[in-house]
Each structure stands twice: as C-alpha cells, then as structure tokens.
Amino acid sequence: MGDVLAGFQTVWEFDTDSVLIRFERGIRTPKLLQALGERRVPFEALSAVELAPGKRGTVVLRAMPRPGADPLMDVADGQLKEAYDPYRLVLPAEREKLAEYYAEEIRGGLAPDADTPAETHLVTAPAAPLSFKAYDGKASFDGKEVSFRWFWTGASSAKWKAGDQRFRIDDLSGVEWCSPESKGSGGAAPKEGAAKNGNGHLRLIERATEDRPAGRADHDPAAVVFGMGYGLVHQSLPFAAAVLEAVRAGNPAQGAESAPASACPTAPRRDPADIAERIRHLGELHTQGLLTDEEFSAKKAELLAEL
C-alpha cells in the first residue's frame, strides 16, 4: 500500500504484506515503546484487527498478534498495561473512517490460518547483545549465553552461595517474565514463585529442571529480581524476548560460527577492585556462618582465578 497512518506517539507505515510500526521519542511516549523504536509486523503474524472508541475523543485501532508469532508478546503473557501495547494505535475520532479503511486492508491480508498459533516467530525481537541491571544482579545476553552477575548489596545468600551464573541457550527451554508493575490490561495475576514486595522477575527455564516446581525468584540462581527502580519493563521485557527468540530459534549464534557443545566461552577479565569487594563480602558470609570453610575457600579460589 505504501500509506502512512499517524496517531498519538505512534505511526503505522503500510506495505503490501506488512506494517512498519514506529514509536516516536518524547516524554509522553512510554519508555518501552521508545526502547523498541520500530517493529516490522507481517500480516501473517496477526490474528485479527479491531477498531473501538477510545478516551477523550479518540478511536483505537488495535492489531492482535497470533500466539507464537511475537516473542515480546509471548513473554509478556498479558501483563502489559494498555499504554504499553505495541499493537495499539490511538487516533483522533475524526479519523475513524480512515482507520476503518486500513483495518479492512489488514483483514484482507491475514493468513488463512490466522486463527491458529504460529509455528515460528514472525516478528523479530530486539537484537543481542543486551543487558540490564536488576535489583540483585546484572543480566547480560550475547546471543549465545545468558549470564547473571550478583550484586552483593541485593543478592540473597542463596545466590551468593551458588555464585555468578552462565546459561547456554542450548540448555534452556523457555523464559518466564513477571512484570514489576501493577496488573495489566490482561488482568494477569503475579506468577507463582515471584519475590515479595511486588517485585518482578526474569527466570530462565533449564531443560534439565523444567519439570521441577519453581521456588522464590529471590532465592533462585536461575532468576533475577527487579523492581524498586531496577530492571523496569522497558529494560527487562525486550531482554526476555530476545532470549526467548534465541531459545526457540534453535540457532542462537545466527550469522556466526557456533562453538562446540563442550566449549565454554572465555569470561572477560574482571576488575581487581571488584574481585576484592566480592571476596570481602564472602568473608562476611563466612563469619556469619552462612558459608562453610570449604564453600568459602572454593568461592574465593573461583574469584581469584578470574584475575
């Protein structure tokens, strides 16, 4: 089509088989949409499109993605607030006729099996490398591996005992993301195993342990906890979507040579001052009786080996 439909903070640019959704930068645009920037959505990734009255003299054009088509929406699992919905276009009420025209155009481009889940992701997630600071650690993803590096100021003793974590994409079966904010338009309740005080979390589901019940996220070395100003939606959700896309793609090192299955990536050299601080904190845990002599010696040796 080549047409443009501009709404509040969002612009839809139509092609013959897709729509490019661009999000404007500005103080009124939610940070999640600003972080996404723009997204190319093929019509085959959609199950339906609807037009409904909005608030204060507006109409809302909204496309519904098929389950399995968009890793961002899959991992969000109905928890996004209405204003954060990347498939929502708010227009002045006088453009209702124009919006209905484009809604019909999109409906005409839907796939014959639009009412069934997509077999593969059709909308691209944000590209790696990605990282964000959670409350109890820093999460990083390089396209092949996810790593959690714990903060001594926020991580629980259980996570300190387990040490910093690395997870190969090949060893994961999924990702669980729990919003740190209030219930979204989908009315999703907090997930089982969420940390207390209304915090959210990102949990990696390992193939070897996927059948085990999930414990509390603040005690689980396969999860980071966010909230209280750390790891907000616009940081943690794109990260989770990128990891989920890599897990389902089965080829996380796309465009690069994959390392042998038995190979371990080389960790970057650590700051000696950071290592010294970590050892000091381990010493405090040891003094408090939270680490045995053997655990303290082993963790200290691991940290010294990173110098």
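This is a predicted model, so every value here is computed, not measured. (Residues numbered from 1 in each chain as written. Predicted model: local features only at pLDDT ≥ 70, side-chain atom pairs only at ≥ 80, totals over all residues. Heavy atoms only, no water.)

## Some details on the pattern of salt bridges
Under the criterion given, the structure shown has 14 salt bridges. We note a salt bridge from E13 to R22, for which the minimum N-O separation is 2.7 Å. Residue E13 is classed as partly exposed on the basis of its relative accessible area of 25%. Note on R22: relative accessible area 30%, which makes it partly exposed. In this structure, D70 engages R39 in a salt bridge whose closest nitrogen and oxygen atoms are separated by 2.6 Å. You can see D70 sitting in the loop between β6 (58-65) and α2 (71-76) and its partner R39 sitting in strand β4 (residues 38-42), a full 31 residues away along the chain. The exposure class of D70 is buried, given its relative accessible area of 1%. Overall, R39 belongs to the buried group, its relative accessible area being 6%. Among the charged side chains, a network of salt bridges with common partners joins E100, E104 and R107. (Salt bridge = Lys/Arg side-chain N within 4 Å of Asp/Glu carboxyl O. Buried < 20%, exposed > 50% of the residue type's maximum accessible area, 1.4 Å probe, protein only. Helix = DSSP H or I, 4+ residues; strand = E, 2+ residues; numbered from the N terminus.)

## Brief notes about the layout of surface pockets
Picture a little ball the size of a water molecule; that probe, rolled over the atoms, points out where space is still empty. The calculated volume of the largest pocket comes to roughly 670 Å³. Around the largest pocket, the lining is made up of 21 residues, and of these V60, E82, A83, R88 and V90 lie nearest the centre. Within the residue set of the lining of the largest pocket, elements represented by two or more residues are β5 (46-53), β6 and β7 (88-92). Split into classes, the residues belonging to the lining of the largest pocket amount to eight nonpolar, five polar and eight charged. (1 Å grid on protein atoms, 1.4 Å probe; cavity = no way out; pocket = protein on both sides within 12 Å on 5 of 7 lines; lining within 4 Å. Points joined across faces, edges and corners; volume = space filled by probe spheres on them. Nonpolar A, V, L, I, M, F, W, Y, C, P; charged D, E, K, R; others polar.)

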